[in-house]
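Each chain, letter by letter, is given below.
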Amino acid sequence: MPFEQRIWEIFQRVYGRRPSIGIRSPGRINLLGEHTDYNGGPVLPAAIDRALWLAAAPRTDGRCRLWACDYEEGCVIEARPSARLAQPAWANYLLGVLVEMGWPGGMDIAFGGDLPIGAGVSSSAALENATALAADALFNLRYSRIDLVRIAHRAENAFVGVPCGIMDMFAGMMGRKDAFIHLDCQALAWEYLPFEAPDLAFVLCHSGVERRLATSEYGARRRECAQGLAVLQKLEPGLKNLSDATPALLEAAKHNIPQVVFRRCRYVLGEIARVAAAVEALRQNDYAALGALLYQTHAGLRDDFEVSCPELNFLVEQAARHPACSGARLMGAGFGGCTLNLVHQREAHDFIARVSEGYVSVFGRPLSAWIVRPDNGAEIVFRAN
Ligand code: GLA
């Protein structure tokens, strides 16, 4: 039975009524532009063909009943909460969005899907986007898609308390089939770049390492980037974001910046240049050049930004040994989660088998791997009249 069908049926079983609306809300990959979004820089993400499905129906009494199909766990919220819940933690992604929307009304909601959780493919943003889209439609709020992206982003920052950038929500909401989004996170201006390579596949290899440090170390990286920016602003007072700095300016400030902070900034400026090169490579269909950029980004994240771990480094080294792989890197915040691999389609299964074999033998832990492709962003898939 397709996933969505299962979610609609569970909704009916749990609540004894039919859903009024069904949403498909995908996860995302990011080709290049890591840790650049909160520095005002560019990113190159895409929504993918793995998604979370959410069924909802409005209520007239202002209560919210929520059900997580994959955990078989639910909760009832009587009225607009003033702070996040201690348990269940997943409820906060939905509640944060409804709070940011001004608590438009009560709802019954059930959700689940085939999007791996905690793997760094933005399952939380998918849940926020789905909630925003469902509430907007059910209560006829008429927000634009970009407004919904901003709402989902604020929900995660202010209500859930994770200081992430805007990339994940944007990619999940605005994705387009077989295209990457070239997004300027400062101006919130974007263009779609078609990915026209039917013989290439994207493979995600999940290290299975819990991203325990992700939140605390993510916050630390943000602070280090802000610290670097503050020093650069003394030399160039008009500078708004780290992404606006030139490598020459950073070099000029080298002796006034702590070494670690200097390396963080060097990574960010390098990554911005790599995004520009990747955009060119995509336009030229130059996938060898693109692959080389993925390896360079991994080295930067490992050595200068220091968000990798032995498992992710091993996965990238193993990938590089396979003749069908043209590029690989850790993807997302780091400290665990997935690597992104650009692989020849026909050999993708052999690639997965060989990398898995090496991974199990060294780390004694199985590898989960998925072949994904750029797909459309969040959408309403049915609406009862
Ligand atoms: C996480 C955050 C994003 C982004 C990436 C790193 O996925 O949610 O906003 O900062 O890390 O590029």
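Everything here concerns the structure above.
All values reported here derive from a predicted model rather than from experimental measurement.

Trainee: Just checking my understanding: could you explain the nonpolar core for this structure?
Mentor: Within soluble globular proteins, side chains that are nonpolar generally end up buried alongside one another. By size, the foremost hydrophobic cluster in this structure holds 111 residues, and its most contacted members are Ile29, Leu44 and Leu54. Of all the elements, helix 8 (residues 259-284) adds the most residues to this core, at twelve residues. If we skip the residues at most four places from it in the chain, Ile29 touches Pro45, Ala46, Ile48, Phe180, Phe202, Leu204, Met331, Leu340 and Val372. If you look at the next biggest cluster of nonpolar residues, it comprises 17 residues, including Cys205, Val209, Ala319 and Cys325.

Trainee: What am I meant to see in the packing of helix 10 (residues 310-321) against helix 11 (residues 348-363) here?
Mentor: Relative placement of two packed helices is described by the angle separating their axes and the distance separating the axes. Remark: helix 10 packs on helix 11, axes separated minimally by 10 Å, with the N-to-C direction vectors making an angle of 140°. By the angle between their axes, helix 10 is oblique relative to helix 11. In this structure, helix 10 crosses over helix 11, and the sense of that crossing is right-handed. For the pair formed by helix 10 and helix 11, the contact residues are Pro310, Glu311, Phe314, Leu315, Gln318 and Ala319 on the first element and Phe351, Arg354, Val355, Gly358, Tyr359, Val362 and Phe363 on the second. Taken together, the residues of the contact of helix 10 with helix 11 break down into nine nonpolar, two polar and two charged.

Trainee: Would you mind showing me how to read the site of the ligand here?
Mentor: Inspection of the region around the ligand gives Arg28, Glu34, His35, Asp37, Tyr38, Cys164, Gly165, Met167, Asp168, Tyr218, Gly332 and Ala333 as its neighbouring residues. In this structure, an oxygen atom belonging to the ligand sits 2.6 Å away from a side-chain N or O atom of Asp37. For the ligand, an oxygen atom lies 2.8 Å from a polar atom in the backbone of Gly165. The fraction of the free accessible surface of the ligand (310 Å²) that becomes covered by protein chains is 93%. For the shell around the ligand, the residue count by class is five nonpolar, three polar and four charged. Shared between two domains, the shell around the ligand holds at least three residues of each, these being domain 1 (3-34 + 45-193 + 375-383) and domain 2 (200-372).

Trainee: What exactly am I supposed to notice about the sheet that holds strand 12 (residues 368-372) here?
Mentor: The pairing of strands in a sheet comes from backbone hydrogen bonds and takes either a parallel or an antiparallel form. With respect to topology, four strands assemble into an open sheet ordered 10-11-9-12, the strand pairing being antiparallel. Each edge of the open sheet carries a strand with a single partner, namely strand 10 (325-330) and strand 12. Pairwise comparison of adjacent strand axes, ignoring direction, gives a mean angle of 20° for this sheet. With five bridges connecting them, strand 9 (residues 200-206) and strand 12 associate as antiparallel partners. Counted as the bridge partner of Phe202 is Val372 from strand 12. Here helix 9 (residues 287-303) sits on the sheet in contact with strand 9, strand 10 and strand 11 (338-344), set at roughly 25° to strand 10.

Conventions we followed
Sequence order as written defines residue numbering, which begins from 1 separately in each chain. Local features in this predicted model are restricted to residues whose pLDDT is 70 or higher, and side-chain atom pairs enter the listing and the counts only when it is 80 or higher, whereas totals over whole chains, interfaces and linings include all residues. Side-chain numbers come from the whole structure's heavy atoms, not from hydrogens or water. Buried Ala, Val, Leu, Ile, Met, Phe, Trp, Tyr and Cys residues form a nonpolar core when they are joined through side-chain atoms within 4.5 Å. The buried label applies to any residue whose accessible area, calculated with a 1.4 Å probe on protein chains only, is under 20% of its type's maximum; exposed applies above 50%, and partly exposed to all values in between. Here a helix means four or more residues in a row that DSSP labels H or I, a strand means two or more in a row labelled E, and each is numbered from the N terminus. When checking whether two residues touch, look at their non-hydrogen atoms; a contact exists if any pair is within 4.5 Å. Only C-alpha atoms enter the line fits that serve as axes; for helices the fit covers just the stretch in contact. Angles between N-to-C directions range over 0 to 180 degrees. Just so you know how the angles are binned, under 35 degrees is roughly parallel, over 145 roughly antiparallel, 65 to 115 roughly perpendicular, and the rest oblique. For any helix crossing, the convention is left-handed if the near helix is rotated counterclockwise from the far helix by under a right angle, and right-handed if that rotation is clockwise. Each residue gets one of three labels, nonpolar for Ala, Val, Leu, Ile, Met, Phe, Trp, Tyr, Cys and Pro, charged for Asp, Glu, Lys and Arg, and polar for the others, Gly among them. Summary of the distance rule: residues count as near a molecule or strand when at least one heavy atom falls within 4 Å of that molecule or strand. Think of a polar contact as two N or O atoms within 3.5 Å of one another; within protein, one of them needs to be a possible hydrogen donor and the other a possible acceptor, and neighboring residues in sequence only count if both atoms come from side chains. Every accessible area reported is derived by Shrake-Rupley at a probe size of 1.4 Å, with residue values counting cover from the shown protein chains alone. As annotated, the domain borders come from an automatic or database domain assignment. The pairing criterion is simple: DSSP has to find at least two bridges between the two strands.

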